[in-house]
Amino acid sequence: MSAGSKKTSTIFAGFRALGLYSNHLPHVVRYHKKHREFYVVTAVGKCFHTYNVKKLGIVAVSNALPDDISCLAADRMLVFAAHGKTVVAFARNKEVVHTYSGHRDDVHLLLPFGDHFISVDRENTVIIWEVEAEEEYLRISFDKVSFDVSAVMHPSTYLNKILFGSSQGGLQLWNIKSNKLLYTFPGWTSAVTVLQQTPAVDVVGVGLASGQVIIHNIKFDETLMKFQQDWGPITSLSFRTDGHPIMAAGSPVGHIGLWDLEEKKLIGQMRDTHATAIAGLTFLLNEPLLITNGADNAIRVWIFDTPGAEGRLLRCRLGHSAPPTKILHHGNNGQTILSAGQDGTLQSFSVVHERFNKSLGHGTLNKKKAKKNGLKYDTAKLPAITSFASECARQSDWDGIVACHRGHLVATTWNHQKGSMGAHKLEPKRFNHDRALNVHATAVDISSCGNFVVVAVSTGHIDVYNLQSGLHRGQYGKDKAHAGPVRGVAIDGLNQLTISAGADHLLKIWKFKSHELLHTLSLESSPATTLLHRESGMLAIALDDFTVNVLDIETKRIVRKFSGHRGQINDLTYSPDGRWLITASMDCTIRTWDLPSGCLVDCFLVDAAAVSLTMSPTGNFLASSHVDNLGIFLWSNSTLCSVVSLRPLPTDYEPAVVMLPGTFPSHDDEDEEEEDMDSSELVDYISPAQLDQHLITLSLLPDSRWKNLLHLDIIKKRNKPKEPPKVPKAAPFFIPTLPGLVPQFALPETPQADQSKVFNFGVLAQKSPFHMQLEKALVSNNYDGPLNLLKEMGPSAIDTELRSLAPDMGGDVDTLTAFLRLIGSMLDSRRDFDLAQAYLALFLKLHLRLLSTEPTLLQEAAQVSRRLEETWSHTQTQLNQSLCLLQYMKSALL
């Protein structure tokens, strides 16, 4: 393969993304009349997701766009999305059906308007489009200095009227059918951020950048009431329509203010509803439900069913608000992925359904105080998790997850079943007197029994704790285990050995119980991270020189060295059977190494470097998290679904960029043709009929065709009917009739007068096709024809044909000789060895007595016997050699 050829992954194919729910764009609520159900649409990067409000279950994921979505809107039939200077319309929440191009700058506002929709770009150009024709109906350009459009809405019952809000604070009412400016509202000397229709006709809610909310009557240009929020600009507005005169206003700090429009006062505050600004909030029509979303990757539904004014959280979908740093499969079924993010939270994602997702919360040193004061005001809040280990053996009895935090010495425990932080804070007592030291936990591992945890520290210490009690149970080494920071620690599957790797270029193997040092191995470079596959005893060590070493802990030797990465290796993971080692690096590649052959068998590029990898214990999926990405991406293992031929990749192999799952664009015809051309280069391997002339080749026929040839008489005797067939009665119960409108009985058929009742024995004298083919083969010495006929026959037909070779059944000595030569040709070619044995055995059983009386047949049979002995002797020698080598491999200590 040349250096210029680029291929995608042969093992992994993008499947889907987990943990992506919302970004900074406001959501859109749609109502489906047929389903009688509300749906919420949120933008996620280059595509949008549709959820039903009833359960917040994902209904559809749209096809991806070339760029990130910058604005989102929807009407009854279509969803409109803007990316860059282009606006597209989606049907059925997935397919692009219309494309609108004509803007000279990025589009940032959209408004559906019946058979038209309105788009506004950054150059202050407003275009009214005809939806079906994809043509411009009207173009309006505003002066950016005097009127910079920042909001747009259609006042209810105002035919063909559009209300524009500006960054200068003024409003303008336009008739887009006649292209006339009807009225200009002076405004309130502050930028308009939100325009929202109230339940009352002619009344509009106006949100300003100063934090004011103006309830204004646009018919009489009269301000009805004003409200002031001190949390910054108003980001969104919504009004209840279920009989309560309540208005909700969003803010950039994540708070929501609830205002009573009758009493004109603040009646409630919903603080910290989101960790970031409130991107959008919507009261459902005639229901006490409020939907909110924000840039913290969360969608929340609040219900107002309590005596107080504030709503309570009904249901939510939330992921990480900052990119994940470490992911790991939890349990043996491969359905749960634990993820630690830069936002400081530990979350659990299910690959089965999103309703099984749960957040284990944010780490804190004082759990009770944090619960009382709130996470935002918790002074003992712990930073993000850098590394963690999980074990489900005793998770129903005590905590099964232990995590290390950035810059902190304390290792925390977590409980997955309870979905919260655990009871213990694992901290050695040796540092209590000197807190000024920059000491932090670097690595952690839990024993397979779930009783013990080993925590490594940046000072070179390695401590053992009991997970049930949280008590310190000793340390490795008299003073320190390593002279520098410990980069990795692992416990074997039988609690016999503990392996540690330090920045002092040393790898040490300890006895787990006695803490005695057994072996020390010097590494070529400082290790970055380690990973142990407990079943095979293979320890992978990623070094700072971008290479990976594999250590066999049984022999204590480096058995494999892999090089090829051009950047820091971020994470490692094994396949469940330990055959593959998958590595991720800062060079944006994900490489798969085959341990038995020591070769690179798969490699592909991604847009953003993978920071963490984990392989499902069932081998179904590879999960990855990437730089600046909030989601967890699943890659399906293609080898479980189809036959994949893995070949060693050359050193000059250049992988192609593979898009992350969930962001695949719809391929056009040209791309499909290119993929077909690329796939044709890798031709499927077709096995020949015979690998080598010296090897014995068996037939591909089922065993039923030849295995029971010697026992046909027994089978026929067993299947013989116990009673003779009964003669039917002369007159049937239902007398047969002729078809027609008038019923007529069918007369019995009369025998023809000229037909003879004497059986023609000349039929038996006819030779079968197999007999004729044997006679031809005896002359041409090519026995493929009769052999192919035998392969197509069943056991009974083969038995009949071989019996017919006897002289008393129409055969002769020549045909018997021809059959023996057929068997000899099969033995000479070393093909269909099992058929030759079966056919020869049946032949000898039927014609052995005749064979002993004919010298010609005896001579031919002696030659067949000699060939058979030579073939079997050669086969037995090869089998003995293979058995000897296998026994040596099993018993010898390599």
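The model shown is predicted, which means the values in this text are computed figures rather than measured ones.

## Details of the pairing of strand β43 (residues 486-491)
- Across the 6 residues of β43, 5 count as buried, placing the element largely inside the fold.
- One ladder, built from 5 bridges, connects β43 with strand β44 (residues 497-502); its direction is antiparallel. In the sheet register, G488 faces β44, and the bridge partner there is A501.
- If you look at the hairpin formed by β43 and β44, you'll find 5 residues sitting between the two strands, and N495 has a positive phi there, around 55 degrees.

## Structural notes on the environment of P324
- Positionally, P324 belongs in strand β31 (residues 324-330).
- As a C-alpha pair, P324 and Q395 span 71 residues in sequence and 24 Å in three-dimensional space.
- Not counting residues up to four positions away in its chain, the partners in contact with P324 are S339, A340, G341, V611, S625, N629, L630 and G631.

## Quick notes on a negative patch on the surface
- Residues D115, E132, E134 and E135 make up a contiguous surface patch of negative charge.
- Among the secondary structure elements, E132 is positioned in the loop between β13 (125-130) and β14 (135-141).
- Looking at E132, the relative accessible area reads 64%, which means it is exposed.

## Examining the sheet that holds β14
- Spatially, β11-β12-β13-β14 is the arrangement adopted by the 4 strands of the open sheet, whose pairing is antiparallel. Two strands in the sheet have a free side with no partner beyond their single neighbour: β11 (107-113) and β14. Strand-to-strand twist across the sheet, computed as the mean angle between neighbouring axes with direction ignored, equals 20 degrees.

## Things to note about the sheet that holds strand β33 (residues 345-350)
- Ordered by their spatial adjacency, 4 strands build an open sheet running β31-β32-β33-β34, and the pairing between neighbours is antiparallel. The two strands at the open ends of the sheet, each matched to only one other strand, are β31 and β34 (358-362). Each strand axis lies, on average, 20 degrees off the axis of its neighbour in the sheet, ignoring direction.
- Two strands pair when backbone bridges link them, and β33 and β34 are joined in this way by 3 bridges, in the antiparallel orientation. Its bridge partner being in β34, S348 is matched across the sheet by K358.

## Quick notes on the side chain of H405
- Looking at the element boundaries, H405 is found in strand β36 (residues 401-405).
- The exposure class assigned to H405 is buried, which follows from its relative accessible area of 0%.
- A polar contact is formed between the side chain of H405 and the backbone oxygen of P383, at a distance of 3.0 Å.
- Apart from the residues lying within four places of it in its own chain, the contact partners of H405 are G363, L382, P383, A384, I385, T386, V410, T412, W414 and A441.

## Quick notes on the pairing of strand β16 (residues 161-166)
- Counting buried residues in β16 gives 6 out of 6 residues, a clear majority hidden from the surface.
- Burial along β16 is two-sided: K161, L163 and G165 and I162, F164 and S166, pointing in opposite directions, are all buried.
- The pairing of strand β15 (residues 149-153) with β16 spans 4 bridges and is classified as antiparallel. Each bridged residue has a counterpart across the sheet, and for V149 the counterpart in β16 is S166.
- Where β16 and strand β17 (residues 171-175) come together, 5 bridges link them in antiparallel fashion. Bridge pairing in β17 places G165 opposite L171.
- Linking two consecutive strands that pair antiparallel, namely β16 and β17, is a turn of 4 residues; a positive phi of about 105 degrees is found at G169 within it.

## Observations concerning the confidence of the model for the protein
- The share of residues in the protein with pLDDT of 70 or more is 90%, and the mean pLDDT across the chain is 88.
- In this model residues 663-682 is a low-confidence stretch, pLDDT under 50, and it forms 12 contacts with partners more than four residues away in sequence or in other chains.
- Confidence drops under a pLDDT of 50 for residues 759-763, and excluding neighbours within four residues, the segment shows 0 contacts in the predicted structure.

## Notes on a nonpolar patch on the surface
- A grouping of L885, Y888 and M889 is seen on the molecular surface, where their side chains present a nonpolar patch of about 340 Å² in accessible area.
- Here Y888 is to be found in helix α9 (residues 855-891).

## Here's the deal with the packing of aromatic side chains
- In total, this model carries 19 aromatic pairs according to the counting rule given.
- Between F48 and F90 the ring centres are 4.9 Å apart and the planes differ by 90 degrees, which places this aromatic pair in the edge-to-face class. Note that F48 is positioned in strand β5 (residues 47-52) and F90 in strand β9 (residues 86-91), a separation of 42 residues in sequence. For the pair F48 and F90, one class covers both residues: buried.
- Joined through ring pairs, the aromatic side chains of F80, Y100, F117 and W129 make up one cluster.

## What about the packing of helix α8 (residues 833-853) against α9?
- Viewed as axis vectors pointing N to C, α8 and α9 meet at an angle of 150 degrees, and their least axial separation amounts to 11 Å. Classified by the angle their axes make, α8 and α9 are roughly antiparallel. For the pair α8 and α9, the sense of crossing is left-handed. For the pair α8 and α9, the contacting residues are F833, Q837, L840, L850, L851, S852 and T853 in the first and P855, L857, L858, A861, V864, L868 and T871 in the second.
- Its residues assigned to classes, the contact of α8 with α9 shows 10 nonpolar, 4 polar and no charged.

## Considerations on the state of the cysteines
- Going through the model one piece at a time under the given rule, you end up with 0 disulfides.
- Between C47, a cysteine without a disulfide, and C71, which holds the nearest cysteine sulfur, the sulfur-to-sulfur distance is 16 Å.
- Cysteine C449 remains unbridged, with the sulfur of C392 as its closest cysteine sulfur at 12 Å.

## Quick word on the pattern of salt bridges
- Within this structure, the stated rule accounts for 23 salt bridges.
- For D594, the salt bridge is made with R579, and the minimal N-O distance between the two is 3.0 Å. Of the two residues, D594 is situated in strand β53 (residues 589-594) and R579 in the loop between β51 (569-574) and β52 (580-585); the sequence distance between them amounts to 15 residues.
- One continuous salt-bridge network, built from bridges that share partners, spans E391, D445 and R534.

## What to know about the packing of helix α7 (residues 813-829) against α9
- Following both chains from N to C, one finds α7 and α9 inclined at 10 degrees, their axes separated by 10 Å at the closest point. Here α9 runs roughly parallel to α7, going by the angle between their axes. Considering how the two elements wind past one another, α7 and α9 form a crossing that is left-handed. On α9, the residues that touch V813, L816, T817, L820, R821, I823, G824, S825, L827 and D828 of α7 are T856, L857, E860, A861, V864, R867, L868 and T871.
- Here the contact of α7 with α9 is composed, by residue class, of 9 nonpolar, 5 polar and 4 charged.

## Points about α9
- With 37 residues, α9 should reach 54 Å at 1.5 Å per residue; the first-to-last C-alpha distance of 53 Å fits that figure.
- Along α9, the residues classified as buried are L857, E860, A861, V864, R867, T871 and T875.
- Turning to α9, the residues buried within the fold contact α7 and α8.

Rules behind the numbers
Residues numbered from 1 in each chain as written. Predicted model: local features only at pLDDT ≥ 70, side-chain atom pairs only at ≥ 80, totals over all residues. Heavy atoms only, no water. Buried < 20%, exposed > 50% of the residue type's maximum accessible area, 1.4 Å probe, protein only. Helix = DSSP H or I, 4+ residues; strand = E, 2+ residues; numbered from the N terminus. Pairing = 2+ DSSP bridges. Contact = heavy atoms within 4.5 Å. Patch = residues over 30% accessible without salt bridge, like charges linked within 9 Å, V, L, I, M, F, W, Y side chains within 5 Å. Areas by Shrake-Rupley, 256 points an atom, 1.4 Å probe, with all protein chains shown as cover. Salt bridge = Lys/Arg side-chain N within 4 Å of Asp/Glu carboxyl O. Lys, Arg positive; Asp, Glu negative; His and termini not counted. Charge placed at Lys NZ, Arg CZ, Asp CG, Glu CD. Axes fitted to C-alpha atoms, helices over the stretch in contact; angles between N-to-C directions. Polar contact = N/O pair within 3.5 Å; in protein donor to acceptor, adjacent residues only side chain to side chain. pLDDT = per-residue confidence, 0-100. Phe/Tyr/Trp six-rings, centres within 6.5 Å; stacked < 30°, edge-to-face > 60°. Parallel < 35°, antiparallel > 145°, perpendicular 65-115°, else oblique. Left-handed = near helix turned anticlockwise from the far one by under 90°. Nonpolar A, V, L, I, M, F, W, Y, C, P; charged D, E, K, R; others polar. Disulfide = S-S within 2.5 Å. Expected span 1.5 Å × (residues − 1).

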